[in-house]
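Notes for the structure review
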Amino acid sequence: MIAGAADLTFLALSLPFVAACLAPVLFRLFGHRAAWLLALAPAVSFLHLAGFIAEVARGETVTGGYAWVPSYNLSFSWYIDGLALVFGLLITGIGVLVVLYAGGYLKGHPQQGRFFSFLMMFMGAMLGLVVSDSFLMLFVFWELTSITSFLLIGFDHERPAARRAALQALLVTGGGGLFLLAGLLMIWNIADVTQMSLLLSYGEVVKASPYYLAALLLVLVGAFTKSAQFPFHVWLPNAMEAPTPVSAYLHSATMVKAGVYLLMRLYPAMGGTPVWEILLPVFGGGTLLTGALMALRQTDLKLMLAYTTVASLGLLVLLVGFGSPYAIEAAVLYLVGHSLFKGALFMVAGAIDHGTGTRDLTRLGGLRRAMPVTFAAALLAALSMAGLPPFFGFLAKEEIYLALAAGNLRSILFTIVAVAGNALMFAAAFAVALKPFLGESRQTLKHPHEAPALMWIGPLVLALAGLAAALVSTAFHAAISSPMASAVRGEATAIAVGPMPHVGLPLALSAATILLGLAAYRLLDRLRDALARFFQALGPGPDQGFDEVLEALVACAVKVTRFVQPGRLDIYLSVTFAAVAAVLLLPLFLWGEAPSEPAFAWPSLSELAMLLIAVIGLAAVLVAVDRLTAIVALGIQGFAVAVLFLLFGAPDLAFTQFMIETLSVVILALVMTRLRLHASDRRPAGQRLADGAVALGCGLGLTLLLLKATEGVFDTALGDFFGSYSKVIAHGANVVNVIIVDFRGTDTLGEIAVVLAAGMAILALIRLGKTQKQSGK
Amino acid sequence: MNSPIFRTVAPFLTSLMLLFSLFVLLRGHNAPGGGFIGGLVAVAALAIHGAAWGVETVRRAIVFHPLSIAAFGLFLSCIAGFASAAAGVPFMTGLWVTVHVLGSAVALSSVMLFDLGVYLVVVGALLAIVLALEEEEGV
């Protein structure tokens, strides 16, 4: 790669972030028409990425980046292979359509600019996530998608439901992200690489490691929370509180696929082991069935689609974990197909909502005349979702059944799961695409009208793309699906499935799916009631569990805080000093580190005199009747120690000690008068004894520690260095001062910053007390 | 405090101590002293004045808010640290210039600027606390 090309790629990747900064200004200037301008950003990124198709199809990869912390192997670098490229194209391509759609959907909304800012930020984060080569970058973007998703779900922040859904999504996906971080760190430890591209060739090392299982589980929690696998799926249906463009983009086409992306990315490094092939299909299959059943229970179009998204994600996880080459190919095809048709259907649901004022299936009907274009888009997308030829969904379904169907028990089990899930999704697809449009017209809140062009371009283009991709399947596979499957599997793969039905077992299973689906569609109303009763009987689900866990957490936090912060200063001080005494004393005795008896030499007369003054000062503290006397008496002891420093040849230290003692006495006296305590000490005798014991413990501990420290051989290296270079290098004869301002100047800079901060904090505390007193009056 | 002796002595004491604090600050590089100790002396000086003549007098005398003085000190220290960047040497490397004023050589350095910053931070931060407390006492 030449430098210029790498910079261009970097620009293309950061373009969404630039657009995010510009969005508020653009919308203030041009209103909702700014969407056309804003869509240019993902469009340019899309075209830039599309330029890599030929290169990637040849089996090459596009890499680039900038070093960040080379000593830790951390870099900002991207790695675009078939997998990243397809994701990148989906993100930017659907991004263009979603931006346009949102322009129509939010027309006239006062906060359009903010919305688009969030949306573009998400786009940038998602794009960064899929092209990331370094673990760190992947993690940062991973969490950034969670945060932007939080902002978008909670966009309508005045509604409590939206706030709760936003928080739930953030906690579940962001929390999962932390597991992912731990998993990535473990992988880093195992393989000693920090780049995805390098990790891919370390598969054997990773799988053989004793820590493989732990790393895998951690990564799986990350992927499962993001991709809404049972029982973490609850956040996804709740996320439907977000405006519909967000649901179409984040919560069906892109963000929720990040978990699947991660599984696919790690497949060569971690996949194919027995654990992988048990956990993934079981969780995926469970999610598929739960999602599909829940979908049919809903009457809200968006919720229905949300649950089918959950089901589809389950199917994808099942396929990635199933462990056959065909399964990976099927996952690739279904992922692409799903992004196209589900994005389209969500936009259709939004258009219906926009045109009629309701999304309730039981109150919609006969819209085919009022909304013909939307109907066409819905039908095309639903046909693809249902897996009918010649749509792309059909290709995916053929490949799925080709991968799953085999003679052994495991295959039969998962084939049944897949057929059941697909049949239910078939019913859901037509419930969304047909029910509102066929039948008699119903009275709705608004007079039904066709959506504006901005709002039908998106679904129509996506739905047609699903048809076109299938019709030119040979070229599409060569350019898109095969490179992606190759990247996932780590070896060259060619996908062959075409839109024309071939007689065989997969086709028979498809037919069975369609028949079952038709039956479910016919019986939809009765099925819905039955399912409602069934889930009612099951009792509260994980959604309520989330609330309960959160409440328990808050209650626990309250209890812990009350325990460790009872609000009494004397308790804090006693605990702190008791801990200090324990820390000082326990190691000395438990590990036999007590100092030996030091050699005793009589101090000189002046030293003795100073010691005596110090002792007198301390005795005065103890016998003092009122606090002020005690404080001043403490000062006597301090001055005596300062003189001792002087006698031992440390004038700087002594000087500082004198000043500190003086100011301490002044400040302590001022504080004591402010606190308006009793003039004398009124502690009960027992308390005084206990406090005295703690004080003695601290003093004894420190004394012993000092004795122990001076027992060892004194290393004079530093002293010699400072002594001999102070004058020569730093032009100062006072070594202490030279150390403070020159040799260790950076330390001092930090310290004075702390002094300033502490001063501000203390001043604030004093003022706080003052205002409280005033307001109390 | 209403002791006439204290009130009479305080201004002399304060000015002497302030002068001394500057002396301590400047001699610090070669003899006991330095920005930290000098700053403490200055705080003690102003605290005495505050106790004798009231906090308002001190506040007027120092013109700026103590915390502003402290912040300016931190700023000076940072400048002193970054001065080395201009000379192309690592952060916080001391730079020395010798100027001749009235026939005697005076050594100026970024290190001295740094120490002056330390002095101001100590004076400002501690004075802010002391003055606030003295103020409260009078209420």
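Quantities reported herein were computed from a predicted structural model and do not represent experimental measurements.

1. Points about the overall build of chain A
The helix and strand tally for chain A stands at 33 helices and two strands. Computed over its C-alpha atoms, the radius of gyration of chain A comes to 35 Å, more than 25% above the 28 Å expected for a compact globule of 777 residues. Expressed along its principal axes, the backbone C-alpha trace of chain A runs to roughly 110 × 60 × 55 Å. Here chain A holds 777 residues, and the buried ones make up 49% of them. The long-range share in chain A, meaning contacts at least 24 apart out of those at least 6 apart in sequence, stands at 78%. Of the roughly 34800 Å² of accessible surface on chain A, 70% is carried by carbon and sulfur atoms. Side-chain charges in chain A split into 45 positive and 42 negative, and the spacing between the mean points of these groups amounts to 14 Å.

2. A word on the overall build of chain B
Scanning chain B from N- to C-terminus turns up five helices and two strands. Ordered by position in the sequence, the α and β elements of chain B form the string α-α-α-α-β-β-α. In chain B, 65% of the contacts between residues at least 6 apart in sequence involve partners at least 24 apart. Approximately 6600 Å² of chain B is accessible, and the part contributed by carbon and sulfur atoms is 76%.

3. Description of the interface of chain A and chain B
Across the contact, 40 residues belong to chain A and 44 residues belong to chain B. Here chain A packs against chain B, burying approximately 3700 Å² in sum over the two surfaces, 76% of which is carbon and sulfur. Elements that contribute at least two residues to the side of chain A that touches chain B include exactly helix H29 (651-675), helix H31 (717-730), helix H32 (735-743) and helix H33 (745-776) of chain A. Considering every element that reaches the side of chain A that touches chain B, the biggest residue donor is H33(A), with 16 residues. A class-by-class count of the residues in the side of chain A that touches chain B yields 22 nonpolar, 10 polar and eight charged.

4. Quick notes on the UniProt feature "transmembrane region" (unreviewed entry) in chain B
Residues and elements named next belong to chain B. Mapped onto this structure's residue numbering, the UniProt feature "transmembrane region" (unreviewed entry) falls at residues 12-29, 35-55, 67-91 and 111-133. Between the end C-alpha atoms of residues 12-29 the distance is 27 Å, and the span holds 89% helix and 0% strand. For residues 111-133, helix accounts for 100% and strand for 0%, while the C-alpha atoms at its two ends are 33 Å apart.

5. Points about the packing of helix H19 (residues 392-404) of chain A against helix H20 (residues 409-433) of chain A
Residue and element names in this part refer to chain A. At a minimum axis separation of 9 Å, H19 and H20 run at an interaxial angle of 160°. Considered as vectors, H19 and H20 are oriented roughly antiparallel to each other. Relative to H20, H19 is oriented so that their crossing is left-handed. Seen from H19, the contacting residues are Lys397, Tyr401 and Leu404; seen from H20, they are Ser411, Phe414, Thr415, Ala418, Val419 and Asn422. A per-class count over the contact of H19 with H20 returns five nonpolar, three polar and one charged.

6. Examining the nonpolar core
Core analysis: the largest hydrophobic core is formed by 204 residues, its most contacted members being Leu199(A), Met264(A) and Met270(A). Among the domains, domain 1 (286-522) and domain 2 (529-565) of chain A are the pair contributing at least three residues each to this core. Core analysis: the next-biggest nonpolar cluster, separate from the first, contains 48 residues, Ile752(A), Ala42(B), Ala47(B) and Leu120(B) among them.

7. Looking at the UniProt feature "domain: NADH:quinone oxidoreductase/Mrp antiporter transmembrane" (unreviewed entry) in chain A
The residues that UniProt annotates with the feature "domain: NADH:quinone oxidoreductase/Mrp antiporter transmembrane" (unreviewed entry) are residues 132-415 of chain A. Helix makes up 76% of residues 132-415 of chain A and strand 0%, and the two end C-alpha atoms of the span are 35 Å apart.

8. As for the pairing of strand S1 (residues 96-101) of chain B
Residue and element names in this part refer to chain B. Pairing of S1 with strand S2 (residues 104-109), which is carried by six bridges, proceeds in the antiparallel orientation. Following the sheet pairing, histidine 100 is matched in S2 by alanine 105. The hairpin turn running from S1 into S2, its antiparallel successor, is two residues long, and leucine 102 in that turn takes a positive phi close to 50°.

9. Section: the packing of aromatic side chains
Within a pair of aromatic rings, the relevant descriptors are the distance that separates the centres and the angle that separates the planes. Residue and element names in this part refer to chain A. For the coordinates displayed, the defined rule picks out 27 aromatic pairs over all chains. A ring pair is formed by phenylalanine 10 and tryptophan 78, whose centres lie 6.3 Å apart and whose planes are at 20°; its orientation type is stacked. Taken together, the residues phenylalanine 10 in helix H1 (residues 3-30) and tryptophan 78 in strand S2 (residues 74-80) connect sequence positions 68 residues apart. Given the relative accessible area of 1%, tryptophan 78 is considered buried. An angle of 55° between the planes, with centres 5.6 Å apart, marks the rings of phenylalanine 721 and phenylalanine 743 as tilted. With phenylalanine 721 in helix H31 and phenylalanine 743 in helix H32, the pair connects residues that are 22 residues apart, well separated along the chain. Judged by its relative accessible area of 34%, phenylalanine 721 is partly exposed.

10. Some points on the domain arrangement of chain A
The figure often quoted for interface size is the accessible area lost as the parts come together. Per the domain assignment, the segments of chain A are domain 1 (286-522), domain 2 (529-565), domain 3 (570-595 + 682-711) and domain 4 (609-681). Domain 1 of chain A and domain 3 of chain A are separated by 71 Å when their C-alpha centres are compared.

11. What to know about the pairing of strand S1 (residues 62-69) of chain A
Residues and elements named next belong to chain A. Pairing of S1 with S2 involves seven bridges; the strand directions are antiparallel. Its bridge partner being in S2, glycine 65 is matched across the sheet by serine 77. Between S1 and S2, which pair antiparallel and follow one another directly, the connecting turn spans four residues, one of which, asparagine 73, has a positive phi of 65°.

12. Describing the UniProt feature "domain: NADH-Ubiquinone oxidoreductase (complex I) chain 5 N-terminal" (unreviewed entry) in chain A
This chain's UniProt record puts "domain: NADH-Ubiquinone oxidoreductase (complex I) chain 5 N-terminal" (unreviewed entry) on residues 70-116 of chain A. Measuring from the first to the last C-alpha atom of residues 70-116 of chain A gives 36 Å, for a span that is 62% helix and 15% strand.

13. So, unusual backbone geometry
The bulk of non-glycine residues show a negative phi, and the bulk of peptide bonds are trans. With an omega of 0°, the peptide bond running from Phe230(A) to Pro231(A) counts as cis. Tracing the backbone through its elements, the reader meets Pro231(A) in the loop between helix H11 (212-226) and helix H12 (235-238). Although it is not a glycine, Ala228(A) sits at a positive phi angle of roughly 55°. Structurally, the position occupied by Ala228(A) is in the loop between H11 and H12. Backbone geometry places Val63(B), a non-glycine residue, at a positive phi of 65°. Position of Val63(B) among the secondary structure elements: in the loop between helix H3 (55-62) and helix H4 (66-86).

14. Describing the pattern of salt bridges
Residues and elements named next belong to chain A. Summed over all chains, the structure comprises 13 salt bridges over all chains. Close ionic contact of aspartate 300 with arginine 359 constitutes a salt bridge, the shortest N to O distance being 3.1 Å. Residue aspartate 300 is located in the loop between helix H15 (274-297) and helix H16 (301-322), and its partner arginine 359 is located in the loop between helix H17 (325-356) and helix H18 (372-386); the two are separated by 59 residues in the primary sequence. Close ionic contact of aspartate 691 with arginine 683 constitutes a salt bridge, the shortest N to O distance being 2.6 Å. Within this structure, Asp156, Arg159 and Glu241 form a network of salt bridges that share partners.

Conventions adopted
Numbering of residues begins from 1 in every chain and follows the order in which that chain's sequence is written. All chains are assigned letters beginning at A, and all ligands numbers beginning at 1, according to the order in which they are written. Local features in this predicted model are restricted to residues of pLDDT 70 or higher, and side-chain atom pairs are both shown and tallied only at a pLDDT of 80 or more, whereas totals for entire chains, interfaces and linings draw on every residue. Water and hydrogen atoms were dropped before computing side-chain values, which therefore reflect all heavy atoms in the structure. We count a stretch as a helix when DSSP gives it H or I for four or more residues in a row; a strand needs E for two or more, and each element gets its number in order from the N terminus. A radius of gyration in this sense is built from C-alpha atoms; the matching globule rule multiplies 2.2 Å by the number of residues raised to 0.38. Using a 1.4 Å probe on the protein chains alone, a residue whose accessible area is under 20% of its type maximum counts as buried, one over 50% counts as exposed, and one in between counts as partly exposed. Every residue pair with non-hydrogen atoms within 4.5 Å of one another is taken to be in contact. The Shrake-Rupley method, run with a 1.4 Å probe sphere, supplies the accessible areas, and residue values consider only the shown protein chains as cover. Residues scored as charged are limited to Lys and Arg (positive) and Asp and Glu (negative), so that His and the chain ends carry no count. Charge coordinates come from a single atom per side chain, which is NZ of Lys, CZ of Arg, CG of Asp or CD of Glu. Accessible surface is computed with a 1.4 Å probe, and the buried area is the amount of it that two parts give up when combined, taken over both parts together. All residues other than Ala, Val, Leu, Ile, Met, Phe, Trp, Tyr, Cys, Pro, Asp, Glu, Lys and Arg, Gly among them, are scored as polar; the first ten of these are nonpolar and the last four charged. UniProt positions are given in the numbering used here, feature names are shortened, and annotations may be inferred rather than shown by experiment. Axes here mean lines fitted to C-alpha atoms, for a helix over just the part in contact, with angles spanning 0 to 180 degrees between N-to-C directions. Each angle receives one of four descriptions, namely roughly parallel if under 35 degrees, roughly antiparallel if over 145, roughly perpendicular if within 65 to 115, and oblique otherwise. A clockwise turn of the near helix away from the far one marks a right-handed crossing, whereas an anticlockwise turn of less than a right angle marks a left-handed crossing. Nonpolar cores were defined as sets of buried Ala, Val, Leu, Ile, Met, Phe, Trp, Tyr and Cys residues, with membership established by side-chain atoms within 4.5 Å. Each domain's limits were defined by an automated method or a database of domain assignments. Should DSSP find at least two bridges between two strands, the strands are regarded as paired. Note on ring pairs: Phe, Tyr and Trp rings are taken, using the six-membered ring of Trp, and paired if centres are within 6.5 Å. Classes follow the plane angle, with under 30 degrees stacked, over 60 edge-to-face and the rest tilted. We define a salt bridge as a side-chain nitrogen of Lys or Arg found within 4 Å of a carboxyl oxygen belonging to Asp or Glu.

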